[in-house]
Amino acid sequence: MGAKCIAVLTSGGDAPGMNAAVRAVVRTGLSFGMKVYGVMRGYNGLLHGDLKEMNMRSVSDIMQHGGTALFTARSPEFNTPEGVKKAAAMCREKGIDGVVVIGGDGSFRGARDLTGEGILTIGVPGTIDNDIACTDYTVGYDTALNTAMEMIDRIRDTTESHDRCSVVEVMGRRCGDIALNTGVAVGALTTLVPEIPYDFQKDVIDRIRLAQSTGKRHYIIVVAEGVGHTQELAERIQKETGIETRATILGHVQRGGAPTLRDRVVASRMGYHAVELLQNGIGNRVVAMKGEEIVDFDITEALEMPRVFDEKMYKVSAVLSI
Ligand code: ADP
């Protein structure tokens, strides 16, 4: 039987575009004749009954803003068998038979557990890192890429004026997709990612020397957060080459800002798809993007899929950037 009353929450790290997904879930649910609740601060709101009934105007004017109007949280209490039972009991008390969770793979584990307690739950990938294996694309990723690219373009202006080298750390603890793509977009001399171990001499110093021999006088090196030691790397480069080298850690600036068109549109399509599944009485699925299609996978299977690193892009980056 299809869900009649659904709830939507955002959980884990926030990402630009989450608001568009919330809006899509609320408006699709209402248009299907469902009762819709917005849950505040992730799973915490389900545990403590911090939720409000939504109407068509509840999600007005949120799509163009970064962050999440429902706020987000990490909830250690939910991440226990008792916590999941308590959240499911709250859903039953409110008559909620379907939940849409917008977040990363930690949040999807929670969604799987909630389905295990009899509440149909759907995951929508919202994370800037693009680190969810089952989908080519996560909501927030495009905005983060564009922010990182703009910031590095600015860094390049000053790096070029002073004949310097800049080492720029972008987000991505386990996943080098932000680094790889911004590296290509800004013409980074070398891009270091957590998936591929690097050799300081070969991948950094030799490339600087080679570029230097062709007349290059300033250098951008992009490093994913998960590689670590960004400041130390800058110091080593300066010591080895004599080129004045600065480290910049972009950090949370990449998490904010108005979502790009692509993030808004993908989030809207994914939110709609999530509610369609619930309307058909289907739970325990993750909404995903394959090529330009919106599809869905079993959550348990999705969580076990191995991430595939884009080797071709890594090669493109290495060839184009000397
Ligand atoms: P993200 O969703 O961005 O990966 P987290 O890993 O912090 O973020 O997960 C968000 C929340 O999801 C956690 O605070 C917790 O409440 C819930 N969660 C995470 N892992 C699990 C798990 N293994 N089982 C149940 N719930 C989980």
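Rules and cut-offs
The numbers attached to residues start from 1 for each chain and follow its sequence in the written order. Per-residue local features are limited, in this predicted model, to residues with pLDDT of at least 70; the limit for side-chain atom pairs, both in listing and counting, is 80 or more; totals at the level of whole chains, interfaces and linings are taken over all residues. Water and hydrogen atoms play no part in the side-chain values, which are based on all heavy atoms of the structure. UniProt positions are given in the numbering used here, feature names are shortened, and annotations may be inferred rather than shown by experiment. We call a residue near a given molecule or strand whenever any one of its heavy atoms falls within 4 Å of it. Definition of a polar contact: a pair of N or O atoms within 3.5 Å, with one able to donate and the other able to accept a hydrogen when the atoms are protein atoms, and with sequence-neighbouring residues admitted only if both atoms are side-chain atoms. Only protein atoms enter the 1 Å grid used here, on which a cavity is any set of points holding a 1.4 Å probe that cannot leave and a pocket is any open set flanked by protein within 12 Å on both sides along at least five of seven lines; residues with an atom within 4 Å of a point are listed as lining. By definition, a pocket or cavity contains a molecule when more than half of the molecule's atoms lie within 2 Å of the pocket's grid points. Only DSSP runs of H or I with at least four residues qualify as helices, and only runs of E with at least two residues qualify as strands; both kinds are numbered from the N terminus onward. Defined by distance alone, a disulfide is two cysteine sulfur atoms within 2.5 Å. The criterion for an aromatic pair is that two Phe, Tyr or Trp rings (for Trp, the six-membered ring) have centres within 6.5 Å, with stacked assigned to planes under 30 degrees apart, edge-to-face to planes over 60 apart and tilted to the rest. Remark: exposure states derive from per-residue accessible area (1.4 Å probe, protein chains only) relative to the maximum for the residue type, with buried under 20%, exposed over 50%, and partly exposed in between. Think of it as a cone above the ring: NZ of Lys or CZ of Arg counts as a charge over the ring if it is within 6 Å of the ring centre and within 35 degrees of the ring normal. All axes here are fitted lines through C-alpha atoms, helices being fitted over the stretch that makes contact, and every angle between N-to-C directions spans 0 to 180 degrees. By convention, the crossing between two helices is left-handed when the near helix turns anticlockwise from the far helix through less than a right angle, and right-handed when the turn is clockwise. Should any heavy atoms of two residues lie within 4.5 Å, those residues are considered in contact. Only strands that DSSP links by at least two bridges are regarded as paired with each other. We define a salt bridge as a side-chain nitrogen of Lys or Arg found within 4 Å of a carboxyl oxygen belonging to Asp or Glu. Any angle from 65 to 115 degrees is called roughly perpendicular, while one under 35 is roughly parallel, one over 145 is roughly antiparallel, and all others are oblique. For this classification, the nonpolar set comprises Ala, Val, Leu, Ile, Met, Phe, Trp, Tyr, Cys and Pro, the charged set comprises Asp, Glu, Lys and Arg, and every other residue, Gly included, is treated as polar.

Per an unreviewed UniProt entry, the protein chain goes by ATP-dependent 6-phosphofructokinase and derives from Candidatus Acutalibacter pullicola. In its Pathway (unreviewed entry) section, the UniProt record describing the protein chain reads: "Carbohydrate degradation; glycolysis; D-glyceraldehyde 3-phosphate and glycerone phosphate from D-glucose: step 3/4."

Chemist: Looking at this structure, how should I read the site of the ligand?
Modeler: In the region of the ligand, 15 residues are neighbours, and Arg74, Ser75, Asn79, Gly104 and Ser107 sit closest. Here an oxygen atom of the ligand sits 2.6 Å away from a polar atom, N or O, in the side chain of arginine 74. Backbone polar atom of aspartate 105 to an oxygen atom of the ligand: 3.5 Å apart, as the coordinates give it. According to the grid-proximity analysis, the pocket containing the ligand is the largest pocket. The element contributing the most residues to the shell around the ligand is helix α4 (residues 105-116), with six residues.

Chemist: Whenever I open this one, the state of the cysteines confuses me. Can you help?
Modeler: By definition, a disulfide links two cysteine residues through a covalent bond between their sulfur atoms. The full count for this structure, using the stated rule, is zero disulfides. Looking at the unpaired cysteine 91, the closest cysteine sulfur is the one in cysteine 5, lying at 8.9 Å.

Chemist: Just to check I follow, could you spell out the packing of aromatic side chains for this structure?
Modeler: The description of an aromatic ring pair rests on the distance of the ring centres and on the angle between the ring planes. Scanning the entire structure with this criterion turns up four aromatic pairs. When the centroid spacing of 6.1 Å and the interplanar angle of 70 degrees are considered together, the rings of tyrosine 137 and tyrosine 141 count as edge-to-face. There is no split in this pair, since tyrosine 137 and tyrosine 141 are both buried. For the ring pair phenylalanine 309 and tyrosine 314, a centre distance of 5.8 Å and an interplane angle of 65 degrees mean the geometry is edge-to-face. Looking at tyrosine 314, the relative accessible area reads 22%, which means it is partly exposed. For the cation-ring pair, arginine 236 lies above phenylalanine 200, with the distance from its terminal atom to the ring centre recorded as 3.8 Å. Over the face of the ring belonging to tyrosine 137 we find arginine 262, whose NZ or CZ atom lies 4.4 Å from the ring centre.

Chemist: How should I be thinking about the packing of helix α1 (residues 18-31) against helix α9 (residues 261-279) in this particular structure?
Modeler: The relative placement of two packed helices is expressed as an angle between their axes plus a distance between the axes. The contact between α1 and α9 brings their axes to 7 Å, and the two run at 35 degrees. Crossing of α1 against α9: the hand is right-handed. Within the contact between the two elements, α1 uses Ala20, Ala21, Ala24, Val25, Thr28 and Gly29 and α9 uses Arg264, Ala267, Ser268, Gly271, Tyr272 and Val275.

Chemist: Help me understand the sheet that holds strand β5 (residues 120-125) in this model?
Modeler: Consider a sheet: its strands pair through backbone hydrogen bonds, and that pairing is either parallel or antiparallel. In spatial order, the strands read β3-β2-β1-β4-β5-β10-β11; together these seven strands make up an open sheet with mixed pairing. Each of the sheet's edge strands pairs with one partner strand only, and the pair in question is β3 (51-53) and β11 (293-298). For this sheet, the mean inter-axis angle between neighbouring strands, taken without regard to orientation, is 25 degrees. Strand direction decides the pairing type here: strand β1 (residues 5-10) and strand β2 (residues 35-39), joined by four bridges, are parallel. Considered in β2, the bridge of isoleucine 6 is made with valine 36. Here α1 sits on the sheet and contacts β1, β2 and β4 (98-103); the angle it forms with β1, its principal contact strand, is near 175 degrees. Along the sheet, α4 makes contact with β4, β5 and β10 (285-290), crossing β5 at roughly 165 degrees.

Chemist: Any chance you could explain the environment of aspartate 298 here in plain terms?
Modeler: Secondary-structure assignment places aspartate 298 in strand β11. Expressed as a C-alpha distance, the spacing of aspartate 298 and glutamine 64, which sit 234 residues apart in the sequence, is 31 Å. Residues within four places of aspartate 298 in sequence aside, it is in contact with Asn284 and Arg285. Among the polar contacts listed, one links the side chain of aspartate 298 to the side chain of asparagine 284, at a separation of 3.5 Å. Within polar-contact distance, the side chain of aspartate 298 engages the backbone nitrogen of threonine 300 at 3.0 Å.

Chemist: Could you clarify how one ought to interpret the UniProt feature "active site" (unreviewed entry) in the protein chain in this entry?
Modeler: With numbering aligned to this structure, UniProt lists the feature "active site" (unreviewed entry) at Asp129. Setting aside anything within four residues of it in sequence, one finds aspartate 129 in contact with Tyr141, Met171, Gly172, Arg173, Cys175, Asp177 and Ile178.

Chemist: Explanation requested: the pattern of salt bridges in the structure shown.
Modeler: Where charged atoms of side chains with opposite charge meet at close range, the side chains can pair. A full pass over the atoms with the stated rule returns 15 salt bridges. As a salt-bridge pair, arginine 255 and aspartate 14 come within 2.9 Å of each other at their nearest N and O atoms. Of this pair, arginine 255 sits in the loop between β9 (245-249) and α9 while aspartate 14 sits in the loop between β1 and α1, placing them 241 residues apart in sequence. Residue classification places arginine 255 among the buried positions, given a relative accessible area of 19%. Between arginine 174 and aspartate 131 there is a salt bridge whose closest N-O contact spans 2.6 Å. Remark: aspartate 131 occurs in the loop between β5 and α5 (141-161) and arginine 174 occurs in the loop between β6 (165-170) and α6 (177-186); sequence separation between them is 43 residues. Relative accessible area serves as the criterion here: at 11%, aspartate 131 is assigned to the buried category. If you follow the salt bridges from partner to partner, you end up with Asp105, Asp131 and Arg174 in one network.

Chemist: Is there a simple way to think about the packing of α5 against α6 in this case?
Modeler: Two elements in contact, α5 and α6, have axes whose closest approach is 9 Å; the angle formed by their N-to-C orientations is 45 degrees. The pairing of α5 with α6 is recorded here as oblique in orientation. Crossing angle aside, the handedness with which α5 passes α6 is right-handed. Packed against α5, whose contacting residues are Tyr141, Ala144, Leu145, Ala148, Met149, Ile152, Asp153 and Arg156, the element α6 presents Asp177, Ile178, Asn181, Thr182, Ala185 and Val186 at the interface. Among the residues making up the contact of α5 with α6, the classes are represented as nine nonpolar, two polar and three charged.

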